[in-house]
Amino acid sequence: MSELSINTTQNVKINFIAASVGERIGSYFIDLIIKIAYIVVIWLLFFYWLHFDKLLANLDGWSSGAISLILFFPFFIYTLTLESIFEGQTIGKKILKIKVVKIDGYQAGFGDYLMRWFFRLVDVTILGGIVALISVISSEKGQRLGDMVAGTAVITLKNKINISHTILEEIGDAYVPTYPLVIKLSDNDMRIIKETFQNAVAKNDHEVIYKLVSKIETVTGIKNQSGNNNDFLRVILKDYNFYTQNM
């Protein structure tokens, strides 16, 4: 499986795993079953029970064609509609926990989904999906032609890296920072601090935590005001996120 690196708006690199060919094919067939079920329901309702075929027979070709198009139009725009509503997921993708994302880290928009949907004609419809299969297998980022044009990729959410693996911290809108001098540190410094702190807490290693606090105080000139090393490090991480988000 291919690994994708996406930079967030904070220039934090997060790695994702591209969805496998099997996952993409599986989601395609789940969606296909849903679309076929829709066709069956429409046919039973309008043509078997309500006898729309007799009505259409009395209309001219354009009128009957227009009515048929309206009835079956959701079948054709199923993927485009659901990916736009559910931010990169259809029902099949939701079930298999895969999602369309922009490879530049931004949220994909309607124009991106439209481009992917339009190129399905080449990728999937023509030659029974052989073009899509070959491009996904051969692409470094597991992209079909529609993904390449739209600048998107399909990732698996099962392996999405958690926020705990980045320098990001959850902070509320009302958060008040304590240590302004924390901006002397870099993103790389904060990664090291967070990883070291988490490992030390997991191992209950107070000596490492003490050394980490001492190093931060020496480099930044910050003095621990809380009296508790663990609390101090948690505040440092949150303060850094606060200042970098609001600079």
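Q: Explain the overall build of the protein to me, and be specific about the residues and the numbers.
A: The secondary structure content of the protein amounts to ten helices and four strands. Going from N to C terminus, the protein has its helices and strands arranged as β-β-α-α-α-α-β-α-α-α-β-α-α-α. A buried classification covers 36% of the 247 residues belonging to the protein. Across the protein, contacts joining residues at least 24 apart in sequence account for 65% of those joining residues at least 6 apart. Counting only carbon and sulfur atoms, one obtains 62% of the accessible surface of the protein, whose full area is about 14,500 Å².

Q: Outline helix α8 (residues 187-203), supporting the account with residue identities and numerical values.
A: Its 17 residues give α8 an end-to-end C-alpha distance of 24 Å, which sits within 8% of 24 Å, the value for a rise of 1.5 Å per residue. Every buried residue of α8 is accounted for by Met190, Ile193, Lys194, Phe197 and Ala200. Projected down its long axis, α8 carries its buried residues within an arc of 140°, all on one side. Seen from the buried face of α8, the exposed residues on the opposite side, beyond 90 degrees, are Ala202 and Lys203.

Q: Give a detailed account of a nonpolar patch on the surface, specifying residues and quantitative values.
A: Where nonpolar side chains cluster on the molecular surface, the patch consists of Ile25, Tyr28, Phe29, Leu121, Val122, Ile126, Leu127, Ile130, Leu133, Ile134 and Ile137 and spans about 990 Å² of accessible area. A per-element tally of the nonpolar patch places helix α6 (residues 130-138) first, with four residues. One can find phenylalanine 29 in helix α1 (residues 21-49). Assessed through its relative accessible area of 46%, phenylalanine 29 is described here as partly exposed.

Q: Describe unusual backbone geometry, naming the residues involved and giving the relevant values.
A: Notably, glutamate 87 is not glycine yet its phi reads approximately 55°, a positive angle. With respect to the element layout, glutamate 87 can be found in the loop between α3 (61-85) and α4 (91-96). The backbone of asparagine 204 sits at a positive phi, close to 55°, despite the residue not being glycine. Along the polypeptide, asparagine 204 turns up in the loop between α8 and α9 (206-220).

Q: Provide a residue-level description of the layout of surface pockets, including the pertinent values.
A: For the largest pocket, the calculated volume is near 850 Å³. Around the largest pocket, the lining is made up of 31 residues, and of these Tyr28, Arg120, Val124, Thr125 and Gly129 lie nearest the centre. Elements with a minimum of two residues in the lining of the largest pocket: α1, α3, α5 (110-125) and α6. Here the lining of the largest pocket gets nine residues from one element, more than from any other, and that element is α1. Of the residues contributing to the lining of the largest pocket, the split by class is 17 nonpolar, six polar and eight charged.

Q: Provide a residue-level description of the packing of aromatic side chains, including the pertinent values.
A: By the definition in use, this model includes six aromatic pairs. When the ring of tyrosine 28 is compared with that of phenylalanine 29, the centres are 5.3 Å apart and the planes differ by 75°; the resulting orientation is edge-to-face. Between phenylalanine 242 and tyrosine 243, the ring centres sit 5.4 Å apart and the planes meet at 85°, which makes this aromatic pair edge-to-face. Members of the aromatic cluster, connected to one another through ring pairs, are Tyr175, Phe242 and Tyr243. Residue placement shows lysine 35 over the ring face of phenylalanine 75; its charged tip is 5.2 Å from the ring centre.

Q: An account of the pairing of strand β3 (residues 98-102) is needed here, citing residue identities and associated values.
A: Buried residues dominate β3, accounting for five of its five residues. Bridging between β3 and strand β4 (residues 152-156) involves five bridges; their strand directions are antiparallel. Directly across from lysine 102, in β4, lies its bridge partner threonine 152.

Q: So what's going on with the pattern of salt bridges? Which residues, and what values?
A: Counted by the stated rule, this structure contains eight salt bridges. The shortest N-O distance in the salt bridge between lysine 102 and aspartate 112 comes to 3.2 Å. Within this pair, whereas lysine 102 is found in strand β3, its partner aspartate 112 is found in helix α5, the two being separated by ten residues in sequence. In terms of burial, lysine 102 and aspartate 112 fall into one category: buried. The partner of aspartate 231 in a salt bridge is arginine 234, with the nearest N and O atoms 3.3 Å apart. One end of the pair is aspartate 231 and the other is arginine 234, both in helix α10 (residues 229-245) and three residues apart, which spans about a single turn. Where salt bridges share partners, they join Arg24, Glu83, Lys93, Arg116 and Asp147 into one cluster.

Parameters at a glance
Residues numbered from 1 in each chain as written. Predicted model: local features only at pLDDT ≥ 70, side-chain atom pairs only at ≥ 80, totals over all residues. Heavy atoms only, no water. Helix = DSSP H or I, 4+ residues; strand = E, 2+ residues; numbered from the N terminus. Buried < 20%, exposed > 50% of the residue type's maximum accessible area, 1.4 Å probe, protein only. Contact = heavy atoms within 4.5 Å. Areas by Shrake-Rupley, 256 points an atom, 1.4 Å probe, with all protein chains shown as cover. Expected span 1.5 Å × (residues − 1). Arc of directions from axis to C-beta. Patch = residues over 30% accessible without salt bridge, like charges linked within 9 Å, V, L, I, M, F, W, Y side chains within 5 Å. Salt bridge = Lys/Arg side-chain N within 4 Å of Asp/Glu carboxyl O. 1 Å grid on protein atoms, 1.4 Å probe; cavity = no way out; pocket = protein on both sides within 12 Å on 5 of 7 lines; lining within 4 Å. Points joined across faces, edges and corners; volume = space filled by probe spheres on them. Nonpolar A, V, L, I, M, F, W, Y, C, P; charged D, E, K, R; others polar. Phe/Tyr/Trp six-rings, centres within 6.5 Å; stacked < 30°, edge-to-face > 60°. Lys NZ or Arg CZ within 6 Å of the ring centre and 35° of its normal. Pairing = 2+ DSSP bridges.

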